[in-house]
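Topology and contacts: notes
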Amino acid sequence: MELKKPYLLFLGDAADQLAAKVAQGIKTWRPECCVGQYRLDGCNADVGLKDISIEEASAAGAKTLIIGVANRGGVISETWLSVLIEAIEAGMDIASGLHNKLTDIPELVACAEKHGRSLFDVRYPTQSYPVANGVKRSGKRLLTVGTDCSVGKMYTSLAIEKEMCDQGVDADFRATGQTGILITGGGVSVDCVVADFIAGAIEAIAPENKAEHWDVIEGQGSLFHASFAGVTMGLIHGSQPDALVLCHEPTREHMRGLPGYALPDIQTCIETNLQAARLTNPDVQCVGISVNTSALEEQEAMSYMDLLETEIGLPVVDPFRQGVSRIVEKLKEL
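Parameters at a glance
- Residue numbers here run from 1 along each chain, matching the order of that chain's written sequence.
- Reporting of local features is limited, given that this is a predicted model, to residues whose pLDDT is at least 70; pairs of side-chain atoms are given and counted only at 80 or more, and all residues count toward the totals for whole chains, interfaces and linings.
- Side-chain descriptors were evaluated using all non-hydrogen atoms of the structure, hydrogens and water having been removed beforehand.
- Here's how the labels work: a residue is buried when its accessible area is under 20% of the maximum for its type, exposed when over 50%, partly exposed in between, all with a 1.4 Å probe on protein chains only.
- Strands here mean DSSP runs of E at least two residues long; helices mean DSSP runs of H or I at least four residues long; both are numbered from the N terminus.
- The criterion for strand pairing is that DSSP finds at least two bridges linking the strands in question.
- Polar contacts, as used here, are pairs of N or O atoms within 3.5 Å; protein pairs need one atom able to donate a hydrogen and one able to accept it. Residues neighboring in sequence count only if both atoms are side-chain atoms.
- When a carboxyl oxygen of Asp or Glu is within 4 Å of a side-chain nitrogen of Lys or Arg, the pair counts as a salt bridge.
- Here an axis means a line fitted to C-alpha atoms, over the contact stretch when the element is a helix, while the angle between two N-to-C directions is reported on a 0 to 180 degree scale.
- In what follows, roughly perpendicular refers to angles from 65 to 115 degrees, roughly parallel to angles under 35, roughly antiparallel to angles over 145, and oblique to any angle outside these ranges.
- Whether two residues are in contact is decided by their heavy atoms: any pair within 4.5 Å suffices.
- Side-chain classes are defined by residue name, with Ala, Val, Leu, Ile, Met, Phe, Trp, Tyr, Cys and Pro counting as nonpolar, Asp, Glu, Lys and Arg as charged, and the others, Gly among them, as polar.
- Here the expected span of a helix is defined as 1.5 Å times the quantity of residues minus one.
- Each crossing is labelled by how the near helix is turned from the far one, with a counterclockwise turn of less than a right angle marking it left-handed and a clockwise turn marking it right-handed.

The name that an unreviewed UniProt entry assigns to the chain is DUF1611 domain-containing protein, with the source organism given as Vibrio astriarenae.

As structure tokens, then:
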């Protein structure tokens, strides 16, 4: 799916800043695509954009209203409907990454049909994907992998794409989750693809390209997570990666949501991911480690990363604290 730009970010009645993390992500990574934010009374979030009305957003050229807030249960609140309908009538498409589908709400469907607008439930694929063929394709690809879920794979991927572009490298971010799709306007939410077609879906969103072009593919899950290893394996094989970046959060006591499973050793995790990736690209390399040190004080974080870099022998960075230029320099050697 491809979302029309620019966007109006709908924050609704977000209870707090965290509830508006999707809108915040879009504003952080694609500010040039945003005309403003729309907040209902009682909204406790603010992503730092101008508060504008639907009429003002339309006049500013907004093509898509993005629901950038997640409430409890991921449902589309009835209190939002009048605003969504007003946006459709003003000429905007609506996009959402919530579990509750826009296309399951009769009022929205009828209004969209009447005005020739589209409803995008980005969590749910809108096309069928082929079975992967594993045939070598031109261009270069990087995939972020993780020791666990929710360790910064999307943030790291976006940071790498931005740094590559800033350095004049031809690169594109390829979204594989609903938030990444809403940030960039395209991709596939791979956790909703039938298992047999996951690798094929990734082949489709990162196809053949110019020899010097890099696709930076957003990773999902972890090979060491008992719940989500399957989606990770499909991503690895479909990406056919030339490079892997391992993402890690060092303060976890166990795998997210699985108290009985310890986090893997870093070196073991690197080797296991490389072994899996060699099926479709025997020349794959791990080029660095991205560490989410947000739970550590700065000196503790720096000491941890220095020690890990000495142990592993690869660039170790926190993309938020330090940026990812050292990883990109490593990529430029491939």
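In this section: the pairing of strand β7 (residues 171-174). Alternating residues of β7 divide into Ala171 and Phe173, all buried, and Asp172 and Arg174, none buried. Pairing analysis gives four bridges linking β7 to strand β8 (residues 214-217), with the strands arranged parallel. Bridge pairing links Asp172 to Asp215 in β8.

Before going further, it helps to spend a moment on the environment of Lys332. In this structure, Lys332 sits in the segment after α11 (325-331). With a relative accessible area of 44%, Lys332 lands in the partly exposed category. In sequence terms Lys332 and Leu40 are 292 residues apart; their C-alpha atoms lie 46 Å from each other. Polar contacts involving the side chain of Lys332 include one to the side chain of Gln167, which spans 2.8 Å.

With that settled, the discussion passes to the pattern of salt bridges. Proximity of charged atoms lets side chains of opposite charge pair with each other. Inspection of the entire model under this criterion finds 13 salt bridges. For Asp242, the salt bridge goes to Lys136, with nearest N and O atoms at 4.0 Å. Taken together, the residues Asp242 in the loop between α8 (229-239) and β9 (243-248) and Lys136 in the loop between β5 (119-121) and β6 (140-146) connect sequence positions 106 residues apart. Its salt-bridge partner being Arg326, residue Glu309 comes within 2.5 Å of it at the nearest N-O pair. A residue pair is termed long-range when its members are at least 10 positions apart, and Glu309 in helix α10 (residues 298-312) and Arg326 in helix α11 qualify at 17 residues. On the accessibility criterion, Glu309 (23% relative accessible area) is partly exposed. A single network of salt bridges, built from pairs that share partners, joins Arg39, Asp46 and Asp51.

Moving on: the packing of α8 against helix α9 (residues 266-277). Close contact between α8 and α9 brings their axes to 9 Å; oriented N to C, the two are set at 55°. Compared by their axis directions, α8 and α9 come out oblique. Across from Met233, Ile236 and His237 in α8, the residues of α9 making contact are Asn273, Ala276 and Ala277. Class assignment of the residues belonging to the contact of α8 with α9 gives a composition of four nonpolar, two polar and no charged.

For helix α5 (residues 153-166), built from 14 residues, the straight-helix expectation of 20 Å at 1.5 Å per residue is met to within 8% by its first-to-last C-alpha distance of 20 Å. The set of residues buried in α5 consists of Lys153, Thr156, Ser157, Leu158, Ala159, Ile160, Glu161 and Met164. The positive-phi residue at the C-terminal boundary of α5 is Gly168, with phi of around 85°.

A word on the packing of helix α7 (residues 198-205) against α8. Two numbers describe how α7 lies on α8: the axes approach to 7 Å, and their chain directions differ by 40°. Classified by the angle between their axes, α7 and α8 sit oblique to one another. Crossing geometry of α7 relative to α8 is assigned as right-handed. Of α8, the residues touching α7 (which contributes Ile198, Ala199, Ile202 and Glu203) are Val231, Gly234, Leu235, Gly238 and Ser239. In terms of residue class, the contact of α7 with α8 is made up of five nonpolar, three polar and one charged.

As a further point, take the sheet that holds strand β2 (residues 34-39). With parallel pairing, five strands are arranged side by side in an open sheet as β2-β1-β3-β4-β5. The open sheet has two edge strands, β2 and β5, and neither has a second partner. Shown here is a sheet whose adjacent strand axes are inclined to one another by a mean of 20°, direction ignored. The pairing of strand β1 (residues 7-12) with strand β3 (residues 64-67) spans four bridges and is parallel. Bridging from a neighbouring strand, Leu8 pairs with Leu65 of β3. Seen against the sheet, helix α1 (residues 21-29) touches β1, β2 and β3 and runs at an angle of roughly 150° to β1.

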